[in-house]
2 protein chains.
Amino acid sequence: MPARRAPADPAVAAGVSLRMVARVAGVSTATVSRAMNTPERVSEALRERIASVVDRLGWVPHGAARALATRRTGTIGAVFPTLTHGDFARALEGLQGELTRLGYRLLLACSEYSLDQEYQQVRKLVERGVDAVLLVGALHHPELRPFLDRRAVPVLDSFVFDRDHPGASVGPDNRRALFRLTEHLIALGHRRFGVIAQETATNDRARARLEGIRAALAQHSLAVPPAHFAEGRWTIREGRELFRRIATTDPAPTAVICGNAWLAVGAMLESQALGIDVPGALSIAGYDDIEIMAELPIPITTVRVLSDEVGRRAARHLVARIEGRAPSDAFECEAEIVLRASSGPAPGGPPLPPRSGQS
Amino acid sequence: MPARRAPADPAVAAGVSLRMVARVAGVSTATVSRAMNTPERVSEALRERIASVVDRLGWVPHGAARALATRRTGTIGAVFPTLTHGDFARALEGLQGELTRLGYRLLLACSEYSLDQEYQQVRKLVERGVDAVLLVGALHHPELRPFLDRRAVPVLDSFVFDRDHPGASVGPDNRRALFRLTEHLIALGHRRFGVIAQETATNDRARARLEGIRAALAQHSLAVPPAHFAEGRWTIREGRELFRRIATTDPAPTAVICGNAWLAVGAMLESQALGIDVPGALSIAGYDDIEIMAELPIPITTVRVLSDEVGRRAARHLVARIEGRAPSDAFECEAEIVLRASSGPAPGGPPLPPRSGQS
DNA sequence: TTGTAAGCGTTATCAT
DNA sequence: ATGATAACGCTTACAA
């Protein structure tokens, strides 16, 4: 019976093992294994014979068996707070793409912003054999680090960067970015600031941003009065409501800083609905640069974080550590302040670099 | 030496195996295994003794070993075209959450809208031992189905629903949804239609939507002239450009249907920039309902797909099949038409149910 | 260059 | 209810 030309016999592909490939090719299992993993150590003749058998039988290596033997799975685990938030989605895409490029797979989980859930998910991932773990933020369940350290599983905190941060991290310096943004607004003459922050309870990034704002204000003996401060979830609707509450006080703030992109979009839409002159009477700034911010009738000043770059760097860092290379402990990712029409000089402020302010 | 209270001895947790737990507890490996997997078959005394040892040693079962023995990994694989697109992100989150609830993990990959890449990713996932695979769309690499079938790996196509579709699927009926939306606009008196579609080359959902539009128009002997048709990527900017091209023709369309949410947002923003009276002079409709569509000054009429529900249902379906239950082959997910201010009667059209049209 | 055989950490089938 | 022990499919010394 002549060799079949069908790429894989339907009846057979199901339970094909390396051993079977070896038998059909008339070699030992070791040789097949080598032909796959270290082809240069196998004679060309055998290599080809084996390749054709692999092909004909439709053999796919059994990952679990390999993992058991090598004690490596070629998989890294990531736990994000949520996946619908634009910057995490972008980071995730960058991470996934880079991992694929590096020959790794991604096991994904969500913490829903809960430290307990994050820890539980990490345990599951480790049980599932991930070679490394990517987390978001610097704040974790107290048992998490010890748990991973004990098992020598590399971890990386993403979306944070802090020189004092123990362990590896990759991301923007949230505190500094908002410090600088706030300073810029102060320089434009603003003195009454409003802030719509993301909930800071379990979100150390949001907290760092808030600290940055407060620190910059403090340097000029300024502060955010309670009536001009609000915390909220990251929806447009929430941004609208909180903005309305803050902007309709008297005296109203002349600048409102929003803790993320959607809150900023909400603030902007509500300012238009309220007929507030932006940036003439009030400046709006956000955090994170998503496409809509640049496309609204009045584009929004914001801090651009290259989230996909965060994901890609995270991938490279973790793979490097898995493979025994020792990359530097922290990467700061650029956080560029993007000035757009939503911000300008404070009404009646000093005549600084002339912009379209119409006070 | 008294029993240590430390949850796990740092020096030990690294290489703890079930065998070690068994030795320390003074039982056989089989008993430990049973204590973990079928506790009811182990005496309470032993069960407790074992539990405490597991705890003290900080043992975490080795997934690969278990997978090798059981031929199941408790992992399902998903391949999405992209992750930054809002509806996939939502589906992903729903999928992930439901899988966690069901005790499964998620292995995630991206196809970048390429059938080849999709196939390659599926191969990787299978190699990694996924118990089932979730795909997007009905159109795949010709080898993909045979590959999975041969290995008896359950597959599910998502974001599509088609009675004629072979195999399982979960999602909206794209064709029908846009058929109905178009009929609605026709009933409002529209006769000149513009369409901004997503690229249909490798996207069968986009194609189905387009077919729905064309079918509805054809029923009324209408069609989309080339000058009123454009295909593009799914960005706001692209939506703006294509809308401008289409809306500035003469005669201009009185209704423009957009293939997805971002294209629709772009169209809406551009219509405002151009000073076009919406919906007085021109109606705009989109597909997929993201928050911004309801929050813009002129909210956008669209088709609401419950993407997270698609993800959750996909999870339940696949797990059911993995566990030997046989769920029905296809679920149609609701695709509700959400009428908002961006659509109204055609200018000079029949005085249908009165709306805010100001022709 | 190739083969032999001992693991890798579980589960599952028998016995007991 | 518990214990021995043979798989599970692959990798990797070590030998030849």
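As the structure is a computational prediction, the values presented were derived from the model and not from experiment.

(A) Molecular detail of the overall build of chain A. Within chain A, the regular secondary structure consists of 14 helices and 12 strands. Relative to its length of 359 residues, chain A is extended, with a C-alpha radius of gyration of 27 Å against a globular reference of 21 Å. Dimensions of chain A, computed from C-alpha atoms along their principal axes, come out at roughly 90 × 45 × 30 Å. The long-range fraction of contacts in chain A, counting pairs at least 24 apart against all pairs at least 6 apart in sequence, stands at 70%.

(B) Representation of the relation of the copies chain B and chain A within the structure. Mapping chain B onto chain A is achieved by rotating through 180° and translating by 0.1 Å along the same axis, at an RMSD of 0.1 Å. Here the transformation between the copies is reduced to the relation of a two-fold axis. Here 100% of the contact residues of chain B are again contact residues in chain A; the copies associate through an equivalent surface.

(C) The interface of chain B and chain A, seen in detail. Tallying the contact residues gives 49 residues for chain B and 49 residues for chain A. Broken down by secondary-structure element, the contributors of at least two residues to the side of chain B that touches chain A are helix 1 (10-13), helix 5 (63-70), helix 6 (86-101), strand 2 (105-110), helix 7 (115-127), helix 11 (236-247), helix 12 (261-273) and helix 13 (291-295) of chain B. Per-element tally for the side of chain B that touches chain A: the top contributor is helix 6 of chain B, with seven residues. When grouped by side-chain class, the residues that make up the side of chain B that touches chain A number 25 nonpolar, 12 polar and 12 charged. Bridge analysis of strand 2 (residues 105-110) of chain A against strand 2 of chain B gives three bridges, and the strand direction is antiparallel. Following the sheet pairing, Leu108(A) is matched in strand 2 of chain B by Leu106(B).

(D) Here's a closer look at the protein's contact with DNA strand D. Around DNA strand D there are 28 residues in total, and Leu18(A), Ala30(A), Ala65(A), Ala69(A) and Ala30(B) lie nearest to it. Residue classes in the surface near DNA strand D are distributed as 13 nonpolar, 11 polar and four charged.

(E) Looking closely at helix 5 (residues 63-70) of chain A. All names here are of chain A. Buried residues of helix 5: Gly63, Ala64, Arg66 and Ala67, and no others. The buried residues of helix 5 occupy one face: seen down the axis, they fall within an arc of 160°. Looking one or two residues beyond helix 5, the residue adopting positive phi is Arg71, at roughly 65°.

(F) Representation of the pairing of strand 8 (residues 255-258) of chain A within the structure. Residues and elements named next belong to chain A. Alternating positions in strand 8 separate into two faces, Ala255 and Ile257 on one and Val256 and Cys258 on the other, with burial throughout. As paired strands, strand 6 (residues 193-198) and strand 8 are joined by four bridges and run parallel to one another. Of the residues in strand 8, the one forming a bridge with Phe193 is Ala255. Pairing analysis gives three bridges linking strand 8 to strand 9 (residues 283-285), with the strands arranged parallel. Across the sheet, residue Ile257 finds its bridge partner in strand 9, namely Ala285. Between the parallel pair strand 8 and strand 9, the chain is carried across by helix 12 (residues 261-273), and the sense of this crossover is right-handed.

(G) Main features of the packing of helix 5 of chain A against helix 5 of chain B. In the contact formed by helix 5 of chain A and helix 5 of chain B, the axes pass within 8 Å of each other and the chain directions differ by 135°. Viewed along their axes, helix 5 of chain A and helix 5 of chain B adopt a mutual orientation that is oblique. Both helix 5 of chain A and helix 5 of chain B take part in a crossing whose hand is left-handed. For the pair helix 5 of chain A and helix 5 of chain B, contact is made by Ala64(A), Ala65(A), Ala67(A) and Leu68(A) and by Ala64(B), Ala65(B), Ala67(B) and Leu68(B), respectively. Per-class residue counts for the contact of helix 5 of chain A with helix 5 of chain B are eight nonpolar, no polar and no charged.

(H) Focus on the nonpolar core. With 184 residues, the main nonpolar core has Ile196(A), Val256(A), Ile196(B) and Val256(B) as its most contacted residues. Setting aside residues up to four positions removed in sequence, Val256(A) forms contacts with Gly194(A), Ile196(A), Phe243(A), Ile246(A), Ala247(A), Ala267(A), Leu282(A) and Ile284(A).

(I) View of the protein's contact with DNA strand C. Ala30(A), Leu18(B), Ser33(B), His62(B) and Ala69(B) are the nearest of the 27 residues found near DNA strand C. The set of elements that each furnish at least two residues to the surface near DNA strand C consists of helix 3 (29-37) and helix 5 of chain A together with helix 2 (18-25), helix 3 (29-37) and helix 5 of chain B.

(J) Spatial organisation of helix 10 (residues 204-219) of chain B. Residues and elements named next belong to chain B. Along its 16 residues, helix 10 runs 22 Å from first to last C-alpha, staying within 8% of the 22 Å computed at 1.5 Å per residue. Packing partners of the buried residues in helix 10 comprise helix 9 (174-187), strand 6 (193-198) and strand 8 (255-258). Positive phi appears at Ser221, one or two residues downstream of helix 10, with a value of about 55°.

(K) A look at the packing of helix 11 (residues 236-247) of chain A against helix 12 of chain A. All names here are of chain A. Their axes nearest at 7 Å, the elements helix 11 and helix 12 cross at an angle of 55°. By the angle between their directions, the pair helix 11 and helix 12 is classed as oblique. At the point where helix 11 passes helix 12, the crossing takes the right-handed sense. Side by side, helix 11 and helix 12 meet where Ile236, Arg237, Glu238, Gly239, Arg240, Phe243, Arg244 and Ala247 of the first sit next to Trp262, Leu263, Ala264, Val265, Gly266, Ala267, Leu269, Glu270 and Ser271 of the second. Residue composition of the contact of helix 11 with helix 12, grouped by class: nine nonpolar, three polar and five charged.

Calculation rules
Residues numbered from 1 in each chain as written. Chains lettered and ligands numbered in written order. Predicted model: local features only at pLDDT ≥ 70, side-chain atom pairs only at ≥ 80, totals over all residues. Helix = DSSP H or I, 4+ residues; strand = E, 2+ residues; numbered from the N terminus. Rg over C-alpha atoms; globule rule 2.2 N^0.38 Å. Contact = placed C-beta atoms within 7 Å. Least-squares fit on C-alpha atoms with pLDDT ≥ 70 in both. Nonpolar A, V, L, I, M, F, W, Y, C, P; charged D, E, K, R; others polar. Pairing = 2+ DSSP bridges. Near = placed C-beta within 6 Å. Buried ≥ 20, exposed ≤ 12 C-beta atoms within 10 Å, placed from the backbone. Arc of directions from axis to C-beta. Right-handed = clockwise from strand over helix to strand, strands pointing away. Axes fitted to C-alpha atoms, helices over the stretch in contact; angles between N-to-C directions. Parallel < 35°, antiparallel > 145°, perpendicular 65-115°, else oblique. Left-handed = near helix turned anticlockwise from the far one by under 90°. Core = buried A, V, L, I, M, F, W, Y, C linked by C-beta atoms within 7 Å. Expected span 1.5 Å × (residues − 1).

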